[in-house]
Amino acid sequence: MRPKRVPLLRSALLCSERQGELALFLILPLPFPIAMRICVYCASSNQADPRFRTAAFRLGELLAENGHQVVYGGGSTGSMGAVADGALSKGGEVIGVIPRFMADLEWQHPGIGNMQVVEDMRERKHRLLTDSDAVVALPGGCGTLEELFEAITLKRLGLYFNPIVLLDTLGYWQPLDAFLHQVIEQRFMNPEHAAMWSIAAEPEDVLPAIRNAPAWDTDARDRAVVR
Ligand code: AMP
């Protein structure tokens, strides 16, 4: 039986830029496992090393086996297609969010029942992140990078609070992780900002990384400005 999805980690402040609009969460012990909606950012390329797609497929399997919902960009190719195929192969629930122009080009995955067609890339990004309980970024190109940086930026500003995990297949994210630490060393961000993301070496490490992610809460804005 699929665990009941409980939005325990959900960020109620996502994209609410009105000051002082706070949500109160009552955290109670739950008698059932917590299922999450996990937003997966990943590549469309079929030309990258096949091990990236293998890891994406495995991640999809693991998320589905653990009863988590996958929300992703809705594509059929590359790691996007692989993560969806992996989740679907285990009977998982997959939501695709695709802009109309991509749907018109028939880029969407044909096996996704819940395919949400949106007007543009902005709406897609917003829809992907809103109501997600965690973000997982797989190796990818500029589209993946843009999505990842939006999530990190919103988290820094206290507009997103949930874990952001980088699946580091073949050490892909090491240069980016080093660069972000340089950003901190050069004082464009605060040292505390390094807690906004974490690295998972293997697909099996992703859910533990989500569970163990440092808490990030409503005082994020207090440390947003570099001191
Ligand atoms: P990238 O990591 O550059 O491949 O970008 C991944 C993102 O690019 C996806 O989330 C989509 O926004 C977009 N994208 C690019 N090509 C495709 C495609 N053939 N099908 C679906 N999405 C695509």
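The preceding data block contains the structure.
Residues numbered from 1 in each chain as written. Predicted model: local features only at pLDDT ≥ 70, side-chain atom pairs only at ≥ 80, totals over all residues. Heavy atoms only, no water.

Colleague: I tried to follow the environment of Phe-101 on my own but got confused; where do I start?
Modeller: Take Phe-101: it is sitting in helix 3 (residues 100-104). Classification of Phe-101 by relative accessible area gives partly exposed; the value is 41%. As a C-alpha pair, Phe-101 and Met-121 span 20 residues in sequence and 9.5 Å in three-dimensional space. (Helix = DSSP H or I, 4+ residues; strand = E, 2+ residues; numbered from the N terminus. Buried < 20%, exposed > 50% of the residue type's maximum accessible area, 1.4 Å probe, protein only.)

Colleague: What should I look at first to understand the site of the ligand in this one?
Modeller: Ser-44, Arg-124, Gly-141, Gly-143 and Thr-144 are the nearest of the 16 residues found near the ligand. With respect to the ligand, the backbone of Gly-141 contributes an N or O atom lying 2.7 Å from an oxygen atom. Here an oxygen atom of the ligand and a side-chain polar atom of Glu-147 are 3.1 Å apart. Protein chains bury 85% of the 480 Å² of accessible surface belonging to the ligand in isolation. For the shell around the ligand, the secondary-structure elements that each account for two or more residues are helix 4 (121-129) and helix 5 (142-156). Ranked by the residues each element gives to the shell around the ligand, the list is headed by helix 5, at four residues. Taken together, the residues of the shell around the ligand sort by class into seven nonpolar, seven polar and two charged. (Near = heavy atom within 4 Å. Polar contact = N/O pair within 3.5 Å; in protein donor to acceptor, adjacent residues only side chain to side chain. Areas by Shrake-Rupley, 256 points an atom, 1.4 Å probe, with all protein chains shown as cover. Nonpolar A, V, L, I, M, F, W, Y, C, P; charged D, E, K, R; others polar.)

Colleague: I keep staring at the pattern of salt bridges and nothing clicks. Help me out?
Modeller: Going through the model one piece at a time under the given rule, you end up with ten salt bridges. A salt bridge links Glu-150 to Lys-125; its shortest N-O distance comes to 3.7 Å. Taken together, the residues Glu-150 in helix 5 and Lys-125 in helix 4 connect sequence positions 25 residues apart. Judged by relative accessible area, Lys-125 falls into the buried class, the value being 13%. (Salt bridge = Lys/Arg side-chain N within 4 Å of Asp/Glu carboxyl O.)

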